[in-house]
Amino acid sequence: MLVSSIDNTSREAELRTAIEHTGYYPDVVTVAVADAVAGEQIESFFVQHEPTFEHDEVRRHLTVLVLTPSRLVLVHTDEHGGDELLPEPYTSTSTESIRLGAITSVAVTRLTTSTVPARLAEANLAMSWGARARLDLEPARCGDPECE
């Protein structure tokens, strides 16, 4: 859902409504988006809810893109079943802010039907903003009591 409107208060409300419409942890996602946007003006946004099948369960993913005057903010939330670290189901949310001047290329692939008139069936957006280096640090854990 691509949205554009007149003032930031209205845009924030529209974004919250779009996030709530997915039904996917709206409070968790909204707080993460607000923290990442950090009060900057919202020019436009896109919300994509993507359920996936993992064995016999449905897992949900939600991606929110927010365009501000200076940045593209990416927020992605995944749903996880319980595991050794957290026994109950939980979410993980990653945010990334890309300075607009750092975006080096944008590619759009449009999938259209062969009917007349052609109907847009899907669009894919790919952007490049350089290499991404990441270091994940977490406590060393092993489920095997003989593990060293």
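Residues numbered from 1 in each chain as written. Predicted model: local features only at pLDDT ≥ 70, side-chain atom pairs only at ≥ 80, totals over all residues. Heavy atoms only, no water.

## Notes on the overall build of the chain
Inference 1: The helix and strand tally for the chain stands at two helices and seven strands.
Inference 2: Mapped from its N terminus to its C terminus, the chain presents α and β elements in the order β-α-α-β-β-β-β-β-β.
Inference 3: Relative to its full complement of 148 residues, the chain shows a buried share of 26%.
Inference 4: Accessible surface, the chain as shown: approximately 10,300 Å² in total, 54% of it carbon and sulfur. (Helix = DSSP H or I, 4+ residues; strand = E, 2+ residues; numbered from the N terminus. Buried < 20%, exposed > 50% of the residue type's maximum accessible area, 1.4 Å probe, protein only. Areas by Shrake-Rupley, 256 points an atom, 1.4 Å probe, with all protein chains shown as cover.)

## Focus: the packing of aromatic side chains
Inference 1: In total, this model carries one aromatic pair according to the counting rule given.
Inference 2: Centroid distance tyrosine 24 to tyrosine 25: 5.0 Å. Interplanar angle 85°. Geometry classified as edge-to-face.
Inference 3: On the basis of relative accessibility, which here comes to 29%, the residue tyrosine 25 falls in the partly exposed class. (Phe/Tyr/Trp six-rings, centres within 6.5 Å; stacked < 30°, edge-to-face > 60°.)

## Thoughts on the pattern of salt bridges
Inference 1: Overall, the coordinates contain four salt bridges when judged by the stated rule.
Inference 2: Here glutamate 40 and arginine 71 are joined by a salt bridge, their closest N and O atoms 2.8 Å apart. Here glutamate 40 is found in the loop between α2 (26-37) and β2 (44-54), whereas its partner arginine 71 is found in strand β4 (residues 71-80), with 31 residues between them in sequence. Across the pair, exposure class does not vary: glutamate 40 and arginine 71 are buried alike.
Inference 3: For glutamate 79, the salt bridge is made with arginine 60, and the minimal N-O distance between the two is 3.3 Å. Of the two residues, glutamate 79 sits in strand β4 while arginine 60 sits in strand β3 (residues 57-67), which places them 19 residues apart along the sequence.
Inference 4: Its relative accessible area of 12% is what places glutamate 79 among the buried residues. (Salt bridge = Lys/Arg side-chain N within 4 Å of Asp/Glu carboxyl O.)

## Some words on the packing of helix α1 (residues 8-22) against α2
Inference 1: Two elements in contact, α1 and α2, have axes separated by 9 Å at closest approach and are oriented at 145°. As α1 packs across α2, the resulting crossing turns out to be right-handed. Across the interface between the two elements, Leu15, Arg16, Ile19 and Glu20 from α1 touch Pro26, Asp27, Val29, Thr30 and Val33 from α2.
Inference 2: Each residue belonging to the contact of α1 with α2 can be placed in one class, and the counts come to five nonpolar, one polar and three charged. (Axes fitted to C-alpha atoms, helices over the stretch in contact; angles between N-to-C directions. Left-handed = near helix turned anticlockwise from the far one by under 90°. Contact = heavy atoms within 4.5 Å. Nonpolar A, V, L, I, M, F, W, Y, C, P; charged D, E, K, R; others polar.)

## Overview of α2
Inference 1: The end-to-end C-alpha distance of α2 is 16 Å, a good match for the 16 Å that 12 residues give at a rise of 1.5 Å each.
Inference 2: When α2 is considered as a whole, its buried residues turn out to be Val29, Thr30, Ala32, Val33, Ala36 and Val37. All buried residues of α2 fall inside an arc of 165° around its axis, so they share one side. Turned more than 90 degrees off the buried face of α2, the exposed positions are Asp27 and Asp35.
Inference 3: Those residues of α2 that are buried lie in contact with α1, β3, β4 and β5 (90-99).
Inference 4: Downstream of α2 by a residue or two, alanine 38 has a phi angle that is positive, lying close to 55°. (Expected span 1.5 Å × (residues − 1). Arc of directions from axis to C-beta.)

## Quick notes on the side chain of threonine 113
Inference 1: Among the secondary structure elements, threonine 113 is positioned in the loop between β6 (105-112) and β7 (120-128).
Inference 2: Within the local environment of threonine 113, its side chain forms a polar contact with the side chain of threonine 115, the two groups lying 2.9 Å apart.
Inference 3: Not counting residues up to four positions away in its chain, the partners in contact with threonine 113 are Ala118 and Arg119. (Polar contact = N/O pair within 3.5 Å; in protein donor to acceptor, adjacent residues only side chain to side chain.)

## Looking at the confidence of the model for the chain
Inference 1: In this model, the chain carries an average pLDDT of 84, and 83% of its residues clear a pLDDT of 70 or more.
Inference 2: Within the chain, strand β1 (residues 2-3) has the poorest average pLDDT of any element, 41, and α2 the best, 96.
Inference 3: Per-residue pLDDT stays below 50 along residues 1-6; that stretch engages in 18 contacts with residues further than four places along the chain or on separate chains. (pLDDT = per-residue confidence, 0-100.)

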